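These are the residues of each chain, in order.
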Amino acid sequence: MTRTYLKKFLHEYGPFALLVLLTLAVWESAARLKLVPAFILPAPTAIWTAMLEQRLLLFREHLPATLQEVLLGFVLSVCCGVLLGTGMHMFSPLEKALYPILVISQTIPLIALSPIFIMWFGYTLWSKVAVVFLTAFFPVVIGTYDGLHKSGAVYKELLLTLGANRWQILRKTQIPPALPSLFSGLKLSMVYCVIGATIGEWLGGSRGLGYFSRRMAGNLQSAEMFAAVFLLSALGIILFLSIKLLENIILQKRGIHR
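- As annotated in an unreviewed UniProt entry, the protein chain is ABC transporter permease from Paenibacillus jilunlii.
- You can read under Subcellular location (unreviewed entry) in the UniProt record for the protein chain the words "Cell membrane".

1. What to know about the side chain of T135
Line of reasoning, step 1. By the secondary structure assignment, T135 is in helix α6 (residues 125-149).
Line of reasoning, step 2. For T135, a relative accessible area of 11% translates into the label buried.
Line of reasoning, step 3. For T135, the side chain forms a polar contact with the main-chain oxygen of V131, separated by 2.7 Å.
Line of reasoning, step 4. Not counting chain neighbours up to four residues away, the residues in contact with T135 comprise L110, Y192 and G196.

2. Brief notes about unusual backbone geometry
Line of reasoning, step 1. Notably, K34 is not glycine yet its phi reads approximately 60°, a positive angle.
Line of reasoning, step 2. Along the polypeptide, K34 turns up in the loop between α1 (2-32) and α2 (44-53).
Line of reasoning, step 3. Phi is positive for L220, close to 60°, though the residue is something other than glycine.
Line of reasoning, step 4. Secondary-structure assignment places L220 in the loop between α9 (209-218) and α10 (222-254).
Line of reasoning, step 5. With relative accessibility at 63%, the residue L220 sits in the exposed group.

3. Notes on the packing of aromatic side chains
Line of reasoning, step 1. Applying the stated criterion across every chain yields a total of three aromatic pairs.
Line of reasoning, step 2. Measuring from ring centre to ring centre gives 6.4 Å for W27 and F226, while their planes differ by 65°; the resulting arrangement is edge-to-face. On the criterion of sequence distance, the pair formed by W27 in helix α1 and F226 in helix α10 is long-range, its members being 199 residues apart.
Line of reasoning, step 3. Given the relative accessible area of 22%, F226 is considered partly exposed.

Definitions and cut-offs
- Residues numbered from 1 in each chain as written.
- Predicted model: local features only at pLDDT ≥ 70, side-chain atom pairs only at ≥ 80, totals over all residues.
- Heavy atoms only, no water.
- UniProt positions renumbered as here; feature names shortened; annotations may be inferred.
- Helix = DSSP H or I, 4+ residues; strand = E, 2+ residues; numbered from the N terminus.
- Buried < 20%, exposed > 50% of the residue type's maximum accessible area, 1.4 Å probe, protein only.
- Polar contact = N/O pair within 3.5 Å; in protein donor to acceptor, adjacent residues only side chain to side chain.
- Contact = heavy atoms within 4.5 Å.
- Phe/Tyr/Trp six-rings, centres within 6.5 Å; stacked < 30°, edge-to-face > 60°.

Right, dumping it as structure tokens:
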């Protein structure tokens, strides 16, 4: 059994793992041969050493702060996004009024809105959460709306004939087929949450991995800065895989295949 899983893992992820190892080897060699200055691109071993040296500061203060901002923004974006996406599907006037506004909102650079949030909320947790929310809100709304809009048409007329109301049709025939689209939006949203938290911390924070990387960049401590970037990437991957695992459990339980 273990050998079977190992073969499956190597078949699916072997090329990726090989590419990562090759990239790290070339990177380490270039840094040791001083083909690139260390303050521009430190060696992977130097980054690892810096992360170990700064582990108390990174893991006890900055990582929890970033994680708190990410999770709060994600929960808010999911709650509001699912409600709004469902409302747009159920009520056509709402969809016609809000859909263009949602699209327009994505053309505004977040870096331009962050100072506004700082003016409104100050240098508090909620200014960063607002940036996270605005970053992650759109994929959830669109994933919910598109999933509901494209599902349930086959059985809708039958259920209407049997006397079902709109909410019963939504619950029975539209929500289950819409789950794959919804989870696609959730996975994108979770990744965007990490990006939004980093932007918010860069522009106005005193804690968090984004703030730490900005401070290290200002001091030309590139190894420490790359350590923070590595943790941000790892955080995004772990949270993405968590949503993916939840998706697999729910879809498998409902017998839905992607």
